[in-house]
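Close look at the chain arrangement
Chain by chain, the residues run as shown.
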Amino acid sequence: HAGSDARARESGRSRPAFWGMARRNAYASSRSTSSDTSDDAAWSEVAVWPGLWARRNEDGADSVTLSCRYQTIPASTWRALAREDARTHLARTSELHFDNAALGDAGAWLLARVLASTHRAAVLDLSDNGLTRASALALALAAPQIARLACVSLFYNDIGNEGAFAMSLALEGRSSRIRVLNLRDNSITAPGAAHLARSLLASQLRSLDLANNDIGPRGAAALAESLASERCPLWRLNLRENALGHEGAQSIAEALKRNRSLRWLSLWKNNIGNTGAKALAKAIVANTTLESLRISENHITDAGGVALALALRVNRTLQELRLDLNPIAQEIRAQIVHRLLEDDSDSL
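For the structure given in this document, a descriptive report is provided here. (Residues numbered from 1 in each chain as written. Predicted model: local features only at pLDDT ≥ 70, side-chain atom pairs only at ≥ 80, totals over all residues. Heavy atoms only, no water.)

Describing a nonpolar patch on the surface
On the surface, a nonpolar cluster with roughly 300 Å² of combined accessible area is contributed by Trp 109, Leu 137 and Leu 141. With respect to the helices, strands and loops of the structure, Leu 141 is situated in helix H5 (residues 133-142). Note on Leu 141: relative accessible area 52%, which makes it exposed. (Patch = residues over 30% accessible without salt bridge, like charges linked within 9 Å, V, L, I, M, F, W, Y side chains within 5 Å. Areas by Shrake-Rupley, 256 points an atom, 1.4 Å probe, with all protein chains shown as cover. Salt bridge = Lys/Arg side-chain N within 4 Å of Asp/Glu carboxyl O. Helix = DSSP H or I, 4+ residues; strand = E, 2+ residues; numbered from the N terminus. Buried < 20%, exposed > 50% of the residue type's maximum accessible area, 1.4 Å probe, protein only.)

Quick word on the pairing of strand E4 (residues 64-67)
Going residue by residue along E4, you find Val 64 and Leu 66 tucked away on one face and Thr 65 and Ser 67 tucked away on the opposite face as well. With four bridges joining them, strand E3 (residues 52-56) and E4 adopt antiparallel strand pairing. From the neighbouring strand, Arg 55 faces E4, where its bridge partner is Thr 65. Where E4 meets strand E5 (residues 93-97), four bridges bridge the pair, whose relative direction is parallel. In the strand pairing of E5, Val 64 is matched with Thr 93. (Pairing = 2+ DSSP bridges.)

Some remarks on the side chain of Ser 127
For Ser 127, the location among the structural elements is in the loop between strand E6 (123-125) and H5. Under the relative-accessibility criterion, Ser 127 is labelled buried at 0%. Of the polar contacts made by the side chain of Ser 127, one reaches the side chain of Ser 153; its length is 2.8 Å. (Polar contact = N/O pair within 3.5 Å; in protein donor to acceptor, adjacent residues only side chain to side chain.)

Topic: the packing of helix H4 (residues 104-118) against H5
Where H4 contacts H5, the axes come no closer than 9 Å and their chain directions differ by 5°. What the angle tells us is that H4 and H5 run roughly parallel. The segment H4 lies against H5, with Gly 104, Asp 105, Ala 108, Trp 109, Ala 112 and Ala 116 engaging Ala 134, Ser 135, Ala 138, Leu 139, Leu 141 and Ala 142. (Axes fitted to C-alpha atoms, helices over the stretch in contact; angles between N-to-C directions. Parallel < 35°, antiparallel > 145°, perpendicular 65-115°, else oblique. Contact = heavy atoms within 4.5 Å.)

Section: H5
Taken together, the buried positions of H5 are Ser 135, Ala 136, Ala 138, Leu 139, Ala 140 and Ala 142. Each element contacted by the buried residues of H5 is listed here: H4, E6 and helix H6 (160-172).

Quick notes on the packing of aromatic side chains
Going through the model one piece at a time under the given rule, you end up with one aromatic pair. For the pair Phe 155 and Tyr 156, a centre-to-centre distance of 6.2 Å together with 40° between the ring planes defines the contact as tilted. One cation-aromatic arrangement involves Arg 240 over Trp 268; the distance from NZ or CZ to the ring centre is 4.3 Å. (Phe/Tyr/Trp six-rings, centres within 6.5 Å; stacked < 30°, edge-to-face > 60°. Lys NZ or Arg CZ within 6 Å of the ring centre and 35° of its normal.)

Remarks on helix H9 (residues 245-256)
An ideal rise of 1.5 Å per residue puts 16 Å on 12 residues; H9 measures up with 17 Å between its terminal C-alpha atoms. Regarding H9, the residues found buried are Gly 245, Gly 248, Ala 249, Ile 252, Ala 253, Ala 255 and Leu 256. Each buried residue of H9 sits inside an arc of 160° when the element is viewed along its axis, so together they form one side. Buried residues in H9 make contact with helix H8 (216-227), strand E11 (264-266) and helix H10 (273-286). (Expected span 1.5 Å × (residues − 1). Arc of directions from axis to C-beta.)

What about empty space enclosed by the protein?
To find leftover empty space, one rolls a probe the size of a water molecule over the atoms. Tallying each qualifying case throughout the model produces three cavities of 30 Å³ or more. By volume, the largest cavity amounts to about 60 Å³. Lining the largest cavity are Ala 143, Pro 144, Ile 146, Ala 147, Leu 149, Ala 170, Gly 173, Ser 175, Ser 176, Arg 177 and Ile 178. Considered class by class, the residues forming the lining of the largest cavity number seven nonpolar, three polar and one charged. (1 Å grid on protein atoms, 1.4 Å probe; cavity = no way out; pocket = protein on both sides within 12 Å on 5 of 7 lines; lining within 4 Å. Points joined across faces, edges and corners; volume = space filled by probe spheres on them. Nonpolar A, V, L, I, M, F, W, Y, C, P; charged D, E, K, R; others polar.)

Describing the environment of His 299
By the element assignment, His 299 lies in the loop between strand E12 (292-294) and helix H11 (302-311). Relative accessible area serves as the criterion here: at 55%, His 299 is assigned to the exposed category. Leave out the neighbours within four places in its chain, and His 299 touches Asn 271, Gly 273, Asn 274 and Asn 326.

Section: the packing of H9 against H10
In contact at an axis separation of 8 Å, H9 and H10 are set at 0° when each is read in the N-to-C sense. It follows that H9 is roughly parallel to H10 by the angle criterion. For the pair H9 and H10, the contacting residues are His 246, Ala 249, Gln 250, Ala 253 and Leu 256 in the first and Thr 275, Gly 276, Ala 279, Leu 280 and Ala 283 in the second. For the contact of H9 with H10, a count of residues per class yields six nonpolar, four polar and no charged.

Now the structure itself:
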């Protein structure tokens, strides 16, 4: 591999990741909306209320992060949060990590009301809290008053299409600064995807995670329409496990031919088959910005693999191609690796 590394350096191209090789990703994580704080030693924290811990952020600003550390927040703490004197402390809170805290809609409504009066929060993680469309509506109503809100995670809730509509309204508000939105595992189908697609062009969103929903070909077509626009702001789009089929992949592929913003795309486990793979191959011939494409577990065989290998003779932007769990012959995989690693003067 040393020779390949040398040729990659000479051509000005960094060695790409392929089939699971580690690579630092500069874009937003699909699961988390802030830095990793799982190491207890990294927390110089105090318990400010039962079930809530605070730590001072190390960004030079007078701000703190609040976390429930995956524990249920007791009723006494909710009563404390509702009092006026709590807002002085919350006014310094820039990140709230209330994931897996058994909030329910009542807790989310109270939290949204409190945040709207403090204005400071930039990161809000309410993953796995049993939230429904009511919570999404509460957040959407509060969002214009939370001037710094940039990252929102509602991963593993049940907001559905009406909740997706509410979040789309939050995205396109004049004061919205939301850059990262994680709606993974939320029972969203094609109508919900269409609502979000329509709001994209009026938003500042950089990362949208819709993995493990069921938007299907119609939802993919709606998103593709926005992706094809020169005003599309997205850098990262996760559509893993959304029953897109080859029709959905074809819609996304057509959009990629014109898109100039997207850098990371996952269509993992969508049954796109060779038809979808060939459409994507044609797309990456025309596309000059996409750096990572993940199409693992998609029933792609040799025909699709060959199409991708041939496309890489032209494309010099793609740095990561994930094809895990597809029945592609080893010699064709080797050709794809060769095209990712070698410079333009080599032949397939």
